Amino acid sequence: MKTISENRAFGGVQGVYSHASDATGCDMTFGLFLPAEAEDEPVPLLWYLSGLSCTHENAMIKAGAQKWAAEAGIGLVFPDTSPRGVGVADDPAYDLGQGAGFYVNATETPWAQNYRMWDYVTDELPDVLFSTFPLEEDLQAITGHSMGGHGALTIAMGFPGRFRSVSAFAPIANPSASDWGRKQFSAYLGADESKWAPHDATMLMRKRGFDGPMLIDQGASDQFLDLLKPEALAEAIALRRQAATFRMQKGYDHSYFFVASFIEDHVNFHADALQG
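These numbers come from a predicted model, not from an experiment. (Residues numbered from 1 in each chain as written. Predicted model: local features only at pLDDT ≥ 70, side-chain atom pairs only at ≥ 80, totals over all residues. Heavy atoms only, no water.)

Asker: Talk me through the overall build of the protein; I want residue IDs and the actual numbers.
Answerer: On a plain count of helices and strands, the protein comes out with nine helices and nine strands. Relative to the globule expectation of 19 Å for 276 residues, the C-alpha radius of gyration of the protein, 17 Å, shows essentially globular dimensions. Based on the C-alpha atoms only, the size of the protein along its principal axes is roughly 50 × 45 × 35 Å. Taken across its 276 residues, the protein has 59% of its residues classed as buried. Sequence separation of 24 or more characterises 72% of the internal contacts of the protein that already satisfy a separation of 6 or more. Carbon together with sulfur atoms contributes 49% to the accessible area of the protein, which is approximately 11000 Å² in total. When the 19 basic and 35 acidic side-chain charges of the protein are each reduced to a single mean position, those positions are 6 Å apart. (Helix = DSSP H or I, 4+ residues; strand = E, 2+ residues; numbered from the N terminus. Rg over C-alpha atoms; globule rule 2.2 N^0.38 Å. Buried < 20%, exposed > 50% of the residue type's maximum accessible area, 1.4 Å probe, protein only. Contact = heavy atoms within 4.5 Å. Areas by Shrake-Rupley, 256 points an atom, 1.4 Å probe, with all protein chains shown as cover. Lys, Arg positive; Asp, Glu negative; His and termini not counted. Charge placed at Lys NZ, Arg CZ, Asp CG, Glu CD.)

Here it is in structure tokens:
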């Protein structure tokens, strides 16, 4: 593993690291914030999965989560959103290819060779993190924005017992019924829609739900509401009687100004679950 940078922040360290990935067949980069407590003992870990067109850097710089993580004494990891580099398949559109991995294992040509983000985020990167840094493997939580909110919800429900809590900012909530999902799932996973179900938060909520607390914030003035379909997930939550808080935030859009406005709530929500 290569250290790209390490900067002092809020008494802890914000690092950026890269490593060769077997899952994606290329070098992958991630950001990791460790609070001051990590100098003495392993700390809980909150995953932050980013959205379409983002790298590891967007949320790391724009969300403002480190201040609240430092106060709570928890680590933050910011993975990249897709494989990258020469020879990695791409597409001219911002919502397919590099920057748009959708947290799935692609099975279709030309994506299957590198686009195995599900395995990367759920298996390979955890191995790297917990074998290298002072992090408590039994104390994990997960959040994300937009495509990353989709990833956070599906991964949390896909691995019962791994995460103490899950939250999301404006998640792509029902991708099987949205152009933000049908396009990508068709490309990555093929035409058989039964293979899409494990990556659709609404369908997973109907089937199994989440074994812990859940928090979802959605901007009521989000320019992508028709693509996100929060109403489908809200209905599934109500029908399952899932322990969840679902908030429509008046006047907020899809930007990082929205995320930064409510990131304190989300970090504290996860800190309560991780330290309760």
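Asker: Residue-level account of the sheet that holds strand β5 (residues 75-79), with values.
Answerer: In spatial order, the strands read β1-β2-β3-β5-β4-β6-β7-β8-β9; together these nine strands make up an open sheet with mixed pairing. Edge positions in the open sheet fall to β1 (2-9) and β9 (244-249), since each of these has one partner strand only. Strand after strand, the sheet turns through a mean of 20 degrees between neighbouring axes, direction not considered. As judged from the six bridges shared by strand β4 (residues 43-49) and strand β6 (residues 135-144), these two strands associate in the parallel manner. What sits directly across from L46, in β6, is A141. On the sheet, helix α2 (residues 65-72) packs against β2 (12-21), β3 (26-34) and β5 and is oriented at approximately 145 degrees with respect to β5. (Pairing = 2+ DSSP bridges. Axes fitted to C-alpha atoms, helices over the stretch in contact; angles between N-to-C directions.)

Asker: I'd like to hear about the layout of surface pockets, residue by residue, with values.
Answerer: Estimates place the volume of the largest pocket at around 200 Å³. Class assignment of the residues belonging to the lining of the largest pocket gives a composition of six nonpolar, seven polar and no charged. (1 Å grid on protein atoms, 1.4 Å probe; cavity = no way out; pocket = protein on both sides within 12 Å on 5 of 7 lines; lining within 4 Å. Points joined across faces, edges and corners; volume = space filled by probe spheres on them. Nonpolar A, V, L, I, M, F, W, Y, C, P; charged D, E, K, R; others polar.)

Asker: Please give an account of the environment of F224 that cites residues and values.
Answerer: Counting through the fold element by element, F224 comes out in the loop between β8 (214-219) and α7 (225-228). Judged by its relative accessible area of 25%, F224 falls in the partly exposed class. Once the C-alpha coordinates of F224 and S146 are considered, the two residues, 78 residues apart in sequence, prove to be 9.6 Å apart. Setting aside residues no more than four positions away along its own chain, F224 makes contact with W180 and H254.

Asker: Can you tell me about the side chain of S82, naming the residues and giving the values?
Answerer: Take S82: it is sitting in the loop between β5 and α3 (117-132). For S82, the side chain forms a polar contact with the main-chain nitrogen of G99, separated by 2.6 Å. Residues contacting S82, with those up to four places away along its chain left out, are M28, G97, Q98, G99, A100, G101, Y115 and M117. (Polar contact = N/O pair within 3.5 Å; in protein donor to acceptor, adjacent residues only side chain to side chain.)

Asker: A description of the packing of aromatic side chains should follow, citing residues and the corresponding values.
Answerer: Throughout the structure, instances matching the rule amount to 15 aromatic pairs. Ring centres 5.1 Å apart and planes at 55 degrees place the aromatic pair Y17 and F133 in the tilted group. Taken together, the positions of Y17 in strand β2 and F133 in the loop between α3 and β6 put the pair 116 residues apart, joining distant regions of the chain. Residue F133 is classed as buried on the basis of its relative accessible area of 12%. Measuring from ring centre to ring centre gives 5.9 Å for F258 and F262, while their planes differ by 65 degrees; the resulting arrangement is edge-to-face. With F258 and F262 both in helix α9 (residues 256-275) and four residues apart, the pair spans about one turn of that helix. A residue is classified by how much of its surface remains accessible, and F258, at 0% relative accessible area, is buried. Taking relative accessible area as the criterion, F262 reaches 10% and is therefore assigned buried. Ring pairing ties together the aromatic residues F169, Y252, F258 and F262, which thus form one cluster. (Phe/Tyr/Trp six-rings, centres within 6.5 Å; stacked < 30°, edge-to-face > 60°.)

Asker: So what about helix α5 (residues 179-189)? Which residues, and what values?
Answerer: All buried positions along α5 are accounted for by W180, G181, Q184, F185, A187, Y188 and L189. Looking straight down α5, one finds that the buried residues subtend no more than 165 degrees of arc, so they occupy a single side. Elements in contact with the buried residues of α5: α4 (147-158) and α7. A distance of 3.0 Å separates the backbone nitrogen of W180 from a side-chain oxygen at the start of α5, and that oxygen is part of S178. Downstream of α5 by a residue or two, G190 has a phi angle that is positive, lying close to 95 degrees. (Arc of directions from axis to C-beta.)

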